[in-house]
Amino acid sequence: MLRQTWGDYVAPALLLDDAHTTLAVKLAYGYVNAHGSPLGNLVAAGAVMYVVPVLALFLIVQRGFVTGVATSGLK
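Cut-offs used in this document
Residues numbered from 1 in each chain as written. Predicted model: local features only at pLDDT ≥ 70, side-chain atom pairs only at ≥ 80, totals over all residues. Heavy atoms only, no water. Helix = DSSP H or I, 4+ residues; strand = E, 2+ residues; numbered from the N terminus. Buried < 20%, exposed > 50% of the residue type's maximum accessible area, 1.4 Å probe, protein only. Areas by Shrake-Rupley, 256 points an atom, 1.4 Å probe, with all protein chains shown as cover. Expected span 1.5 Å × (residues − 1). Bend = angle between axes of the 7 residues up to and from the residue.

## A closer look at the overall build of the protein chain
When its secondary structure is counted, the protein chain shows 3 helices and 0 strands. Listing the helices and strands of the protein chain from first to last along the sequence gives α-α-α. Buried positions account for 9% of the 75 residues belonging to the protein chain. Of the accessible surface of the protein chain, which amounts to about 6400 Å², a share of 70% is contributed by carbon and sulfur atoms.

What follows is the structure, given as structure tokens:
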């Protein structure tokens, strides 16, 4: 069974067509100039937009996790 993870790059790049691909693959291959080289500013902006929601979710969940661990040891 193929294990799928969020942000997987290799499997979508190999198995999916251009219309049904993931954001990571589209960022790598979708924004190129006429010579075929990637547009760095668009790839960087997309990477930031790709990471910000995950980082925000981590910060929110991490606060609750640390609070739970700190209070669970007290009697």
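Continuing now.
## Some remarks on helix α3 (residues 40–72)
With 33 residues, α3 extends 47 Å between its outermost C-alpha atoms, agreeing within 8% with the 48 Å of an ideal straight helix rising 1.5 Å per residue. Of all the bends in α3, the greatest reaches close to 25° and is centred on V51; the proline P53 follows between one and four positions later.

## Some remarks on the environment of N41
Relative to the assigned elements, N41 resides in helix α3. Classification of N41 by relative accessible area gives exposed; the value is 59%. Through-space distance from the C-alpha of N41 to that of Y31 is 9.7 Å; in sequence the pair is 10 residues apart.

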